[in-house]
Amino acid sequence: MIEVKNICKSYNVIQKGEGFRGALKGLISRESEKVQAVKNLSFHIQPGEIVGFIGPNGAGKSTTIKMMSGILTPSSGEILINGRDIHKYRKQVVQDIGVVFGQRSQLDWDLRLGESFELLRHIYRIDKAKYEETLNIMDQILEIKPLLSKPVRQMSLGQRVKGDLVAAMLHAPSVLFLDEPTIGLDVGAKYSLRKFVKEVNEERNTTVILTTHDLGDIEQLCDRIIIINNGELIEDGNLEEIVDRIAPYKTLVVEYYDEKAPEHARCELFFHEANVAKYRFMKKDITAAALIQALSAEAQIKDVSIEEAGIDDIIRIAYGQLKE
Amino acid sequence: MKGIAGTIFHYIDVTFVNIRMALLRVVEYPSNIIGWLLSNPVQFLVGFATIQFAVSEFGDINGWNYGQLAFLYGLAVLSHALSMIFFVQGWFMGNYVIHGEFDRYLTRPMSVLYQFFFTNINIIGVTDLIPGLCVFLYGCHKVGFHWSIGNVFMIFVLLTGATLIRGGIYIILGTTTFWTRSNNDFAQYTQEIFDKTTMYPLSMYPEGVQFVLTYLIPIGWVTFYPVSNMLGLSNDYLQTSAAVWLTLLIGILVMVLAALFFRLGLRNYESAGN
């Protein structure tokens, strides 16, 4: 159970003038500006949930996840994990969380993967039998054992992320934070990662909180999404509900035999190039069948397909790039 | 195991793993240690040769004869070496701050300061121990040091205190980078100042400097006061018979202050953007 209560985070950004003059001036008087990275964020996460944090770059996702995992101290507000404040009881609370940052590793670059695991085994006081057991389970999901004797610096990104995922699970945390875990991964490695998240969630009821720019991650893993922009909570809820609420339309893609694309009063022709046209229509206004029938009366249709509004539409709306 | 004993056992246990990993790293890149093994002893032995020259020219330095100076110099290098092994990372804290390297320590259930120093324990610092030990043993021989258990114990107390004073000062310097967020490298001038003030009798400096290094920045307590006390040398600035124990006490005090300051700094930690 994670309770986030009214957290804010502001940074002091030092303003530096341009060029040599600005640098000199900066030595005498430093003007700093307060930047609010996260503004009054509150939400609860139940045990066993998989929650996806999405938002554009600089929206405050990473700042939020870093506050939740004890790395950054909120300017105000509090974060309770299993009832305890992570900033007051850091050492106790982190015993119960695992953290993986896609772009940063907690593994020792110079040594074999097994050595990093051994250090963690001692840091978290995991007994040998329990360690072996966890390793066996992880081996079934991620095939980690063949990598144990490989130096981390010689690993591919996919292998290194596997190593980091196992490292974060060795002490069997009840909460797992993943900050952009799939970034830069190839299809196979992404598949492994998603399989891993699903399995630890199902088998161990691990709560998973992840940030991502990959819509596939969200669609395949998350029951719930939290959309953040400019440090504020924009949406929080079930993926399908949000789609139905803020993007309750479908898109009809029609390929005609010639370049003329007829319009229709109950839908919007928002894309037309050569002989392909895309119509956006509300489910309550017209059915797909009726629309196709009406269009085919005006021009000869070669092919049609229907696209549901999806996560990318949600994101575009939420990010303000698409006005309704 | 629970309680304080359990916690101490846990830290010792993890320390062994950290030392093992550091040794493995040395094995992984052996050329590294060979380079230091050559350059470090040379640096300090040349430094000591300079003292020998000065003494042969002028007879003594501020009432310190050759053997006493070797004793002092040796302990200064030994405490330097110990501080290099355990606390050298303090000099480069800015680098860790800027690159967000504290993230991983903050998400693990141990002291951040402990993890910072011991996961980066600098085994290479051992190469500094060699010249220190050579010069110190030579000094012991010259001053007729009596190798009783009590005296050896006092040397141990002195080195512990001296290492803590140095380490605490490195931490305090390094911690400032949480606010400046700059990649300051404190190595060069810190070592310069410590070398100049711990390897030679402090009494050769003007009184103002002695005051500062006695009361404000306790560098005088690293070697000068405890060694003066052990060798029965008087100095006209400060006399105490408990100087060795004071060194330990001041070491602990500086370390506690440094740890508190570090905690304050860590609250300002901003990690690093992706």
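Each value, and the rule that gives it
- Residues numbered from 1 in each chain as written.
- Chains lettered and ligands numbered in written order.
- Predicted model: local features only at pLDDT ≥ 70, side-chain atom pairs only at ≥ 80, totals over all residues.
- Heavy atoms only, no water.
- Helix = DSSP H or I, 4+ residues; strand = E, 2+ residues; numbered from the N terminus.
- Buried < 20%, exposed > 50% of the residue type's maximum accessible area, 1.4 Å probe, protein only.
- Polar contact = N/O pair within 3.5 Å; in protein donor to acceptor, adjacent residues only side chain to side chain.
- Contact = heavy atoms within 4.5 Å.
- Expected span 1.5 Å × (residues − 1).
- Pairing = 2+ DSSP bridges.
- Axes fitted to C-alpha atoms, helices over the stretch in contact; angles between N-to-C directions.
- Phe/Tyr/Trp six-rings, centres within 6.5 Å; stacked < 30°, edge-to-face > 60°.
- Lys NZ or Arg CZ within 6 Å of the ring centre and 35° of its normal.
- Domains from an automatic or database assignment.
- Buried area = accessible area lost by both parts, 1.4 Å probe.
- Salt bridge = Lys/Arg side-chain N within 4 Å of Asp/Glu carboxyl O.
- Nonpolar A, V, L, I, M, F, W, Y, C, P; charged D, E, K, R; others polar.
- Arc of directions from axis to C-beta.

Caption draft 1: How the structure looks around the side chain of T206(A). Residues and elements named next belong to chain A. For T206, the location among the structural elements is in the loop between α7 (187-204) and β8 (207-211). What makes T206 buried here is its relative accessible area of 1%. Within the local environment of T206, its side chain forms a polar contact with the backbone oxygen of V200, the two atoms lying 3.2 Å apart. In contact with T206, not counting residues within four places along its chain, are G48, E49, M169, P173, S174, V175, L176, V200 and N201.

Caption draft 2: Spotlight on helix α7 (residues 126-143) of chain B. Residue and element names in this part refer to chain B. With 18 residues, α7 extends 26 Å from end C-alpha to end C-alpha; this agrees with the ideal 26 Å at 1.5 Å per step. When α7 is considered as a whole, its buried residues turn out to be T127, D128, P131, G132, V135, F136, G139 and C140. Positive phi appears at G144, one or two residues downstream of α7, with a value of about 70°.

Caption draft 3: Representation of the pairing of strand β6 (residues 97-101) of chain A. In terms of residue burial, β6(A) counts as a mostly covered element, since 5 of its 5 residues are buried. Where burial is concerned, the two faces of β6(A) agree: the one with I97(A), V99(A) and F101(A) and the one with G98(A) and V100(A) are both buried.

Caption draft 4: Just the sheet that holds strand β14 (residues 301-308) of chain A, in detail. Residues and elements named next belong to chain A. Sheet architecture is open: 4 strands sit in the order β12-β13-β11-β14, paired in antiparallel fashion. Single-partner strands in this sheet number two, and they are β12 (268-273) and β14. Direction aside, the axes of adjacent strands within the sheet are offset by 20° on average. Bridging between β12 and strand β13 (residues 276-282) involves 5 bridges; their strand directions are antiparallel. Note that in β13 the partner of F271 across the bridge is K278.

Caption draft 5: Looking closely at the packing of aromatic side chains. Tallied over the entire structure, the rule returns 30 aromatic pairs over all chains. For the ring pair F71(B) and F136(B), a centre distance of 5.1 Å and an interplane angle of 45° mean the geometry is tilted. Taken together, the residues F71(B) in helix α3 (residues 66-87) and F136(B) in helix α7 connect sequence positions 65 residues apart. Using a relative accessible area of 0% as the deciding quantity, one classes F71(B) as buried. Aromatic pair Y170(B) and F194(B): ring centres 5.8 Å apart, planes at 85°, arrangement edge-to-face. Placement of Y170(B) in helix α8 (residues 149-175) and of F194(B) in helix α10 (residues 187-198) is noted, with a sequence separation of 24 residues between them. We classify Y170(B) as buried; its relative accessible area is 1%. For F194(B), a relative accessible area of 3% corresponds to the buried category. One cation-aromatic arrangement involves R121(A) over Y131(A); the distance from NZ or CZ to the ring centre is 5.9 Å. Stacked on the ring of Y249(A), the Lys or Arg R280(A) has its end atom at 5.0 Å from the ring centre.

Caption draft 6: How the structure looks around the domain arrangement of chain A. Domain annotation for chain A reports domain 1 (2-6 + 39-243) and domain 2 (249-308). On a C-alpha basis, the centres of domain 1 of chain A and domain 2 of chain A stand 43 Å from each other.

Caption draft 7: Looking closely at the interface of chain B and chain A. Tallying the contact residues gives 35 residues for chain B and 36 residues for chain A. Carbon and sulfur atoms supply 51% of the area buried between chain B and chain A, which totals about 3,100 Å² over both sides. Our count for the chain B to chain A interface comes out at 4 salt bridges. R20(B) is the salt-bridge partner of E115(A), the closest N and O atoms lying 2.5 Å from each other. Per-element tally for the side of chain B that touches chain A: the top contributor is helix α1 (residues 3-28) of chain B, with 12 residues. Looking at the side of chain B that touches chain A residue by residue, the classes come out as 14 nonpolar, 12 polar and 9 charged.

Caption draft 8: Representation of helix α5 (residues 128-142) of chain A within the structure. All names here are of chain A. Between its terminal C-alpha atoms α5 stretches 20 Å, which fits the 21 Å expected from 15 residues at 1.5 Å a residue. Among the residues making up α5, those that are buried are Y131, T134, L135, M138, I141 and L142. All buried residues of α5 lie within an arc of 120° about the axis, which places them on one face of the element. Seen from the buried face of α5, the exposed residues on the opposite side, beyond 90 degrees, are A129 and Q140. Buried residues belonging to α5 abut α4 (113-123), α6 (157-169) and α7. Two residues or fewer past α5, E143 is found with a positive phi of approximately 50°.

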